[in-house]
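Notes for the structure review
If you want the building blocks of each chain, they are given just below.
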Amino acid sequence: MGLAFSGGGTRSAYCVLGQLRGLNELNLLKNVRYISCVSGGSWASVPFTYLNDNWTDEMFLGQIIPPEDLTVEALKNIGDDGEKLT
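Residues numbered from 1 in each chain as written. Predicted model: local features only at pLDDT ≥ 70, side-chain atom pairs only at ≥ 80, totals over all residues. Heavy atoms only, no water.

A separate point is the nonpolar core. In terms of nonpolar packing, the biggest core is built from twelve residues, these being Leu 3, Phe 5, Val 16, Leu 17, Leu 20, Leu 23, Leu 29, Val 32, Ala 44, Phe 48, Leu 51 and Leu 61. Among the elements of the structure, β1 (2-5), α1 (9-25) and α2 (40-49) are those that each provide at least two residues to this core. Top contributing element to this core by residue count: α1, with four residues. Apart from the residues within four sequence positions on either side, Leu 51 is in contact with Thr 56, Asp 57 and Phe 60. (Core = buried A, V, L, I, M, F, W, Y, C linked by side-chain atoms within 4.5 Å. Buried < 20%, exposed > 50% of the residue type's maximum accessible area, 1.4 Å probe, protein only. Helix = DSSP H or I, 4+ residues; strand = E, 2+ residues; numbered from the N terminus. Contact = heavy atoms within 4.5 Å.)

In structure tokens form, the structure reads like this:
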């Protein structure tokens, strides 16, 4: 399977991260053999492709936060490492 990510600056980079998160959550990233990207799409996909061995996909991509949980108050409780603080 191959992925193609378009450009569009930071907007594209954020979209690519979300798409990679979704594919990871669905356990589909293991099937990806090729990634093609341009411009903003490469801002997210190139670092992901060449992750250091000390990083897991989950560490780089972060957790999925359901849209209904994206409130200002909830976002204030997310730590520097991306984990929710209690």
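And the narrative resumes.
Let's shift gears to α2. Among all positions in α2, only Gly 40, Gly 41, Ser 42, Ala 44, Ser 45 and Phe 48 are buried. Where α2 is buried, its residues meet β1, α1, β2 (34-37) and α3 (57-61).

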